[in-house]
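Each chain is listed here by its residues.
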Amino acid sequence: MSTVTIPRPSKPWGVNFKQAIPDVVAAFATLLITYAIVAYTPLKGKLAFVIVLFLVAVIASAAISGIRRDRKAALNSISTVMIYVAGMFVIFPLGSILYEIIRRGIGGLSLGMFSTDMAVTASDAPLSEGGLIHAVVGTFYIVIIASLISVPIGILTALYLTEIKGKAAGTIRFFVQAMSGIPSIVAGLFIYAVWMIALGNQYSAAAGAMALAILMIPTVARTSEEVLKLIPSDLREAGLAMGGTQWRTVAMIVIPAAQSGLITAVILGVARVAGETAPLLLTMGGADALNLNPFAGNSSAIPFYVWKNFLLGTETAIDRAWSGVLVLMIIVLFFFSLTRFLSGRKGRF
Amino acid sequence: MSQANPVHSLANVAAAHSASKGDHHIAGTGIEAKNIHAWFGDKHVIDDVSIDFFPGTVTALIGPSGCGKSTFIRILNRMHEFIPTAAMAGEVLLEGKDIYQSGTDVTKIRLGIGMVFQKPNPFPSMTIKENVLSGLKLAQLKVSNQSELLESCLVRAGLWNEVKDRLNEYGGALSGGQQQRLCIARSLAVSPQVLLMDEPCSALDPGSTLRIEETIRELSASMTIIIVTHNMQQAARVSDRTGFFLSDGGPGRLIECSSTSEIFSNPKDKRTEDYVTGRFG
Amino acid sequence: MSTATSTLPPKREITTKPRFSDKVFRAVVTTGGFSSLVILGLISLFLLYNGLNVFRTEGLGFITGFDWIVPLPEEGLPAQYGIGAMLYGTVVIGLIALFFAFPISVGAALFLSYYAPDWLKKPMVLVIDVMAAIPSIVFGLWGFFVLMPHAEYWAKLIHKYLGFIPIFDMPANAFTRSPFIAGLVLAIMIIPIITSISREIFAQTPLDRIQAAYALGATKWSMIKSVVFPYGRGGVVGGAMLGLGRAIGETVAVYTVLNIVFDIRIEVLLSAGGSVASMIVNKFGEANPDELKALMASGFVLFLVTLLINFLANFIINRTARE
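On a plain count of helices and strands, chain B comes out with eleven helices and ten strands. Counting all 281 residues of chain B, 48% fall into the buried class. Counting only contacts in chain B whose residues sit at least 6 apart along the sequence, the fraction spanning at least 24 positions is 72%.

This is the structure in structure tokens:
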């Protein structure tokens, strides 16, 4: 056996221990200086600490690179610190939001709240009384009905854009894009104008669902379009080359191939609208009692339940609102993870 | 004379192939392209190509890329018109009838003229079995004995022994070469008279390529096959006749078309000789 | 030789006679495809129709006036509807939101594209996507109970040290539910939008240009300044406009953290502001049929404004992405 010495792989461009020492020392010094400033000057408090830390870090890193190299390097390190701070900043609100929801919402959570409604419970009654079954049922209804309306329209729109590619495709794509920016309150007003004023119907879960469907269509259409675009045109041609009509090719080959992506599109739409509040305030009436008829009579939904309790403002009502938010977040995050799971799963091609 | 070597070796292959094939019964229907022109928008891409594809033969279309071979065979089963800017002139006669005649049912035409694509493309949502029989569903044909048809198509495509125990697996689970033979089997299920193959081996390894070539030779006993290929050796190995396409920057033209051994050993046109000896392309 | 045959045959008309099933299929899909256009048309039609009377009687005053007076029936006085103050307030909180969200989002997008270590990228993108999925009522509650106490303290600091600037002046000691706080909540809500669009645009920056800049001895920052920003400018601006559109249309979250007052004030720290969308919810519950029409008219204005902003934003983004 001849001994061929293979050189050890190394990454000379990486940061090695020796080079990192000055940076670590600088970071340590920054912390110390910050602490000293906060301790021995009138600047006090968490906010002051953060701001001072930020300024000292910027100045220190700029000074170090400025001395080591030149002005350009100093500028570079200032921007680096600022960009890192911006990156970190994005994480804080979510952390705080999730933490507060759990902290404030968990107390009011009980199994009992999923079996009773608020029909006979006073706003300052203890948390053990009453529940949000009426809101859960309402949310269930509106999500189902909104999907039934928006999924066919959304997928047909996507099919028009990818399969028919008609003359209006560019225009429609543009309008669908713009439609996803419609304020939700406008959708509520519209349904109110059509369904209540013009057609004379009363508040109902179905009315709320119609408003949500308007918000859901663009999400479903745009995501489905992305998915359908990924189906290789080869497959369509193969279907047509074997004597399939366009209809049979789309129904038998394109849609089955895109199936899991299309399901993701639908769930994404559901996640988008499940927590909507504003349109429901104009269309559902906001009942406290369970209403099993989705087509007539005041009904509620979880966001509406949260809203109502928030406006009541008593201590227990606020606790109920936070529990409602917790339930709502669990539902939204469940749908959200479902889309991740489905789109993360390896497709068949 | 050393430069002539490739010609000789290819010519030998071609001659050997013709000899081995011998006289066979002419089967299937021929297809004839008459004065074909094609455009994409204002760009003229094929100029006046006429070829008569004889029944029961394999015709190879060779030429450098961009010379219009693929466009040409897509004209033969009316796939050309899927490109929105596409236009054409000339006639394609199948059983003596022009397939571009107005009022023709395009889906029926494509049933009679199957196609195998460059990249293997089994339908991802279907099993092997469903893939082979997909043509029946797509074209809404009725067949009394599906399992018999399934077996015969897979046998003819040379895939039966490899997949007979896994017919309910998804097509995507097969290797590239097997997938391509599955696509061939899929085309056979609707019993076309003509099979178009657009560089069917360009995405495959040499072993799978040989296997497909074998399949092509076996199939040629019963149908007319037209194969576009970049690979001159492949043309020499599988085809009875060869057409050479070339574009001088303008539209692609058919330089010459005759028996494969003639093209490789005794081409009439200087450009054909230059191409088959590897001076360009 | 090639010029000799210059007479080309005429192009043939390729007539494909689609089968009946395909005709039905195409008709159904086309109808579905056009339904979004129809819905958008119906929305503007119905809101305009319902608000038409208000537009007629108020005229331009509906946009410029800032009184919303609904007299009791027995008073017999004419009603007055003007959303000028609300439009002004909407613009103010939108701009405050952009002031905070824009630099942070662009910074975060740069961080994700060029600075973040690989192991951090995926979780951070996930965080941003989750942020985008959080319902606005949640932001409202969090903003009211969690952010507002902090923001009130910050507002007091700003007033104390920068109070000489008119916009930070305070005529009364009321720091809660101010445009400043509403703007902060909106900023957090639109950061995910601007960040993800900026990131998508930055990711399309041609790699060869980036490498060319590095090869010329650029630092990371000077590379970003000379290559990434010029390339992505349009997309980032478009993303900011999409964020602005979202901020303008936001209803519930703003309602919870903003005290709606029909008055135009420049003091952003004061507990008095406006937002068209929130005002609609605010007035809707007790509105009489006449006032309801005024709300429909407000909705129509809001719809037009957001649609316009979205058109413009998407136009800019599409143009940048296609380049």
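Next up on the list: the overall build of chain C. Counting secondary structure elements, chain C contains eleven helices and two strands. Counting from the amino terminus, chain C carries its helices and strands in the arrangement α-α-β-β-α-α-α-α-α-α-α-α-α. Relative to a compact globule of 323 residues, whose C-alpha radius of gyration would be 20 Å, chain C shows 26 Å and is clearly more extended. Buried positions account for 46% of the 323 residues belonging to chain C.

So, on to the interface of chain B and chain A. Contacts between the two partners involve 23 residues from chain B and, on the opposite side, 21 residues from chain A. Of all the secondary-structure elements, those providing two or more residues to the side of chain B that touches chain A are helix H3 (106-112), strand S6 (113-116) and helix H4 (128-138) of chain B. The leading source of residues in the side of chain B that touches chain A is H3(B), at four residues. Its residues assigned to classes, the side of chain B that touches chain A comprises eleven nonpolar, eight polar and four charged.

A few words now on the interface of chain A and chain C. Between chain A and chain C, the contact holds 71 residues from the first and 69 residues from the second. Here the side of chain A that touches chain C takes 19 residues from helix H3 (residues 71-105) of chain A, the largest share from any one element. Taken together, the residues of the side of chain A that touches chain C break down into 53 nonpolar, 14 polar and four charged.

Attention shifts here to the domain arrangement of chain C. Residue and element names in this part refer to chain C. The domain architecture assigned to chain C consists of domain 1 (22-75) and domain 2 (84-322). Computed from C-alpha coordinates alone, the two centres of domain 1 and domain 2 are separated by 26 Å. Domain 1 puts 17 residues into the contact, and the matching count from domain 2 is 15 residues. For the side of domain 1 that touches domain 2, the secondary structure elements donating two or more residues are helix H1 (20-58) and helix H2 (61-64). Of the residues assigned to the side of domain 1 that touches domain 2, the class counts are ten nonpolar, six polar and one charged.

Once that is clear, we can look at the confidence of the model for chain B. Of the residues in chain B, 90% reach a pLDDT of 70 or more, and the chain-wide mean stands at 87. Contacts from residues 19-25 of chain B, a stretch scored under 50 in pLDDT, to residues over four places away or in other chains number two contacts.

What follows is about the environment of Trp68(C). Residue and element names in this part refer to chain C. On the secondary structure map, Trp68 appears in strand S1 (residues 68-69). Spatially, the C-alpha atom of Trp68 lies 22 Å from that of Ala253, the residues being 185 residues apart in sequence. Apart from residues no more than four positions distant in its own chain, Trp68 is found in contact with Gln80, Tyr81, Gly82 and Phe262.

Okay, unusual backbone geometry next. Not every positive phi belongs to a glycine, and Lys165(A) is a case in point at roughly 50°. For Lys165(A), the location among the structural elements is in the loop between helix H4 (133-164) and helix H5 (169-179). One non-glycine residue, Glu199(B), lies in the positive phi region at around 45°. Structurally, Glu199(B) is set in the loop between strand S7 (194-198) and helix H8 (206-219).

This part covers helix H7 (residues 205-230) of chain A. Residue and element names in this part refer to chain A. Here H7 is 26 residues long and its end C-alpha atoms lie 36 Å apart, about the 38 Å a rise of 1.5 Å per residue gives. Within H7, the axis deviates most sharply at Met216, by approximately 35°, and proline Pro218 lies no more than four positions further along. Burial runs high along H7: 23 of the 26 residues are buried.

This brings us to the pairing of strand S10 (residues 252-259) of chain B. Residue and element names in this part refer to chain B. Bridge count between strand S9 (residues 241-247) and S10: seven bridges; the pairing is antiparallel. Considered in S10, the bridge of Phe244 is made with Glu256. Following S9, the chain reverses through four residues before pairing antiparallel with S10; Gly249 in that reversal takes a positive phi of roughly 100°.

Residue and element names in this part refer to chain B. Two strands pair when backbone bridges link them, and strand S1 (residues 31-40) and strand S2 (residues 43-53) are joined in this way by seven bridges, in the antiparallel orientation. Within the sheet, the bridge partner assigned to Ala38 lies in S2 and is Ile46. If you look at the hairpin formed by S1 and S2, you'll find two residues sitting between the two strands, and Gly41 has a positive phi there, around 65°. Two strands pair when backbone bridges link them, and S1 and strand S4 (residues 86-94) are joined in this way by eight bridges, in the antiparallel orientation. Bridged to Ala33 within S4 is Val92.

What follows deals with the packing of H4(B) against helix H5 (residues 146-156) of chain B. Residues and elements named next belong to chain B. The interhelical angle for the contact between H4 and H5, taken along N-to-C directions, is 95°, at an axis separation of 10 Å. Between H4 and H5, the angle falls in the class roughly perpendicular. In this structure, H4 uses Lys129, Val132 and Leu133 to contact H5, whose residues at the interface are Gln146, Leu150, Cys153 and Leu154. Class assignment of the residues belonging to the contact of H4 with H5 gives a composition of five nonpolar, one polar and one charged.

On to H4(A). Residues and elements named next belong to chain A. With 32 residues, H4 extends 45 Å between its outermost C-alpha atoms, agreeing within 8% with the 46 Å of an ideal straight helix rising 1.5 Å per residue. Most pronounced at Ser150, the bend in H4 amounts to some 30°, and the proline Pro152 follows within four residues. Most of H4 is tucked away, with 24 of its 32 residues classed as buried. Just downstream of H4, Lys165 is the residue with a positive phi angle, here 50°.

This part is about the environment of Asn53(C). Residue and element names in this part refer to chain C. Within the secondary structure, Asn53 is located in helix H1. Judged by local crowding, Asn53 falls into the partly exposed class, with 14 C-beta atoms found within 10 Å. Separated by 240 residues in the primary sequence, Asn53 and Lys293 have C-alpha atoms spaced 7.7 Å apart.

Another aspect to go through is the environment of Met210(A). All names here are of chain A. Take Met210: it is sitting in helix H7. When the C-alpha atoms of Met210 and Ala146 are compared, they prove to be 5.9 Å apart, with 64 residues separating the residues in sequence. Filtering out sequence-adjacent residues up to four positions away, Met210 remains in contact with Ile149, Ile191 and Trp195.

Quick notes on the rules
- All residue numbers refer to positions counted from 1 along the written sequence of the respective chain.
- Think of it this way: whatever chain is written first is A, whatever ligand is written first is 1, and the rest follow in order.
- Per-residue local features of the predicted model are confined to residues with pLDDT of at least 70, and side-chain atom pairs are confined, for both listing and counting, to 80 or more; whole-chain, interface and lining totals are unaffected and use all residues.
- Runs of H or I in DSSP of at least four residues are treated as helices and runs of E of at least two as strands, each being numbered from the N terminus.
- Remark: C-beta atoms are placed from the backbone, and a residue is labelled buried if 20 or more other C-beta atoms sit within 10 Å of its own, exposed if 12 or fewer do, or partly exposed between those counts.
- Contacts are defined on C-beta atoms placed from the backbone: any two residues whose C-beta positions lie within 7 Å are in contact.
- We take the radius of gyration over the C-alpha atoms and set the globule estimate at 2.2 Å times the residue count to the 0.38 power.
- Note that Gly is not counted as nonpolar here; it falls among the polar residues with everything else outside the nonpolar set of Ala, Val, Leu, Ile, Met, Phe, Trp, Tyr, Cys and Pro and the charged set of Asp, Glu, Lys and Arg.
- The split into domains, and so the bounds of each, comes from an automatic or database assignment of domains.
- You can read pLDDT as the predictor saying how much it trusts each residue, on a scale of 0 to 100.
- One less than the number of residues in a helix, times 1.5 Å, gives the span that helix is expected to have.
- Bend is computed residue by residue as the angle between axes fitted to the seven residues ending at the residue and the seven residues starting at it.
- Strands were regarded as paired on the criterion that DSSP finds at least two bridges between them.
- Geometry is summarised by axes, namely lines fitted to C-alpha atoms with helices restricted to the contacting stretch, and by angles between N-to-C directions that run from 0 to 180 degrees.
- Angle categories: roughly parallel below 35 degrees, roughly antiparallel above 145, roughly perpendicular from 65 to 115, and oblique for all the rest.

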